[in-house]
Amino acid sequence: MARILTITLNPALDLTVRLPVLCPGEVNRGEALYVQAAGKGLNVAQVLADLGHELSVTGFLGADNPQDFETLFAARGFHDAFVRVPGQTRSNFKLAESDGRVTDINGPGLDVSSAALDMLLAKIPQLVAGQEAVVVAGSLPRGVTLDWFVELLTQLKQQDAPLVLDTSGAALHAGLQVAPWLVKPNLAELAEACAVPLASPAQLAVQAQCLQAMGIAHLVVSQGAEGLCWFAPDAHWQARPPPVEVVSTVGAGDSLLAGMLHGLLQGWPAERTLRLATAVAAQSVGQLAFGIPDAAQLARLAERVEARPLAGASTTDNNKIS
Ligand SMILES: Nc1ncnc2c1ncn2[C@@H]1O[C@H](COP(=O)(O)OP(=O)(O)O)[C@@H](O)[C@H]1O
Ligand SMILES: O=P(O)(O)OC[C@H]1O[C@](O)(COP(=O)(O)O)[C@@H](O)[C@@H]1O
């Protein structure tokens, strides 16, 4: 198994309230509240750990409330390389209704000083040494400029480990220019970052071709319950998950990303990778926790994934890490 570094610049305590139906503007009564140390890179790390990998985690963590995160790192055996900064790590509110709809209210995050930015950049060569992949995932907290973010990605790309990116908005737009090895936006995030409509498969294919021409080897475009399209160097695939009962879709994208990276690092054929990743994501929507609780259920889900080449695309398996 591989050594993998995940970078979560803007981690969060996910505060999930379960309630039958959300009535905006009224008094709502929650049925249960769950608090989880989260953020995209950390969620990816949890799934990768369950798939057998060795994880190091970094980013910026508030010095005033690190307990839930440190408990998670200890429980998971993560190597903790987070830079502590003054203040509290943000809380993200998830209002999960019984029909599976989730309303997210994500906080802005810490105000990171330029000294902390310098400190993280200075640690990068030592942190990346010996890693077989680096994942940068999630939004940017206050104080992290796009210029700094691009510098971080550029430094990471210069190292040997393949670079994986999952972010949104202006950060995704800037990150695409660095041409990471693998990028996983959802369809709306990609359309916004590229400022193009992606209403049809043909429009998506054209955009994917542009991004691959810039040097992005793998573009994985997730589309919620519809599944995903995967534009690999020599093969384009589509996957559709089996129907599952939705508890919360929070973390579905992170789970998908972890599954894709796992299959690619293992050197699996494309279809096997796609089945596993789609199953990991489908399993995640049936639970609030992040990770793989039931390997047998995962295998059953993987069998029921519909995976097929995208029309007109070759299915050559050329998914080597390069
Ligand atoms: N309702 C669902 N049922 C089954 N799988 C789902 C469902 N919603 C999402 N997924 C899976 O999770 C993946 C990521 O979900 P998506 O919502 O596109 O990502 P993100 O969370 O990044 O916005 C999808 O590609 C799909 O495989
Ligand atoms: O950094 P952002 O974009 O605010 O996202 C953070 C949120 O995304 C999550 O990682 C879930 O992401 P996905 O649903 O896209 O997998 C939450 O745990 C977290 O609250």
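Residues numbered from 1 in each chain as written. Chains lettered and ligands numbered in written order. Predicted model: local features only at pLDDT ≥ 70, side-chain atom pairs only at ≥ 80, totals over all residues. Heavy atoms only, no water.

Looking at an unreviewed UniProt entry, one finds the protein named Phosphofructokinase and attributed to Azomonas macrocytogenes. You can read under Function (unreviewed entry) in the UniProt record for the protein the words "Catalyzes the ATP-dependent phosphorylation of fructose-l-phosphate to fructose-l,6-bisphosphate." Per its UniProt entry, the protein bears the Catalytic activity (unreviewed entry) comment "beta-D-fructose 1-phosphate + ATP = beta-D-fructose 1,6-bisphosphate + ADP + H(+)". (UniProt positions renumbered as here; feature names shortened; annotations may be inferred.)

**Student:** Just checking my understanding: could you explain the site of ligand 2 for this structure?
**Tutor:** Neighbouring ligand 2 are 18 residues; Asp14, Asn92, Ser139, Gly251 and Asp254 lie closest to it. In the environment of ligand 2, an oxygen atom lies 3.1 Å from a nitrogen or oxygen atom belonging to the side chain of Lys94. About the coverage of ligand 2: the protein hides 87% of its 480 Å² of free accessible area. When atom positions are compared with the pocket grids, ligand 2 is found to occupy the largest pocket. The element contributing the most residues to the shell around ligand 2 is helix H8 (residues 252-266), with three residues. In the shell around ligand 2, the residues fall into four nonpolar, nine polar and five charged. (Near = heavy atom within 4 Å. Polar contact = N/O pair within 3.5 Å; in protein donor to acceptor, adjacent residues only side chain to side chain. Areas by Shrake-Rupley, 256 points an atom, 1.4 Å probe, with all protein chains shown as cover. 1 Å grid on protein atoms, 1.4 Å probe; cavity = no way out; pocket = protein on both sides within 12 Å on 5 of 7 lines; lining within 4 Å. Sits in = over half its atoms within 2 Å of the grid points. Helix = DSSP H or I, 4+ residues; strand = E, 2+ residues; numbered from the N terminus. Nonpolar A, V, L, I, M, F, W, Y, C, P; charged D, E, K, R; others polar.)

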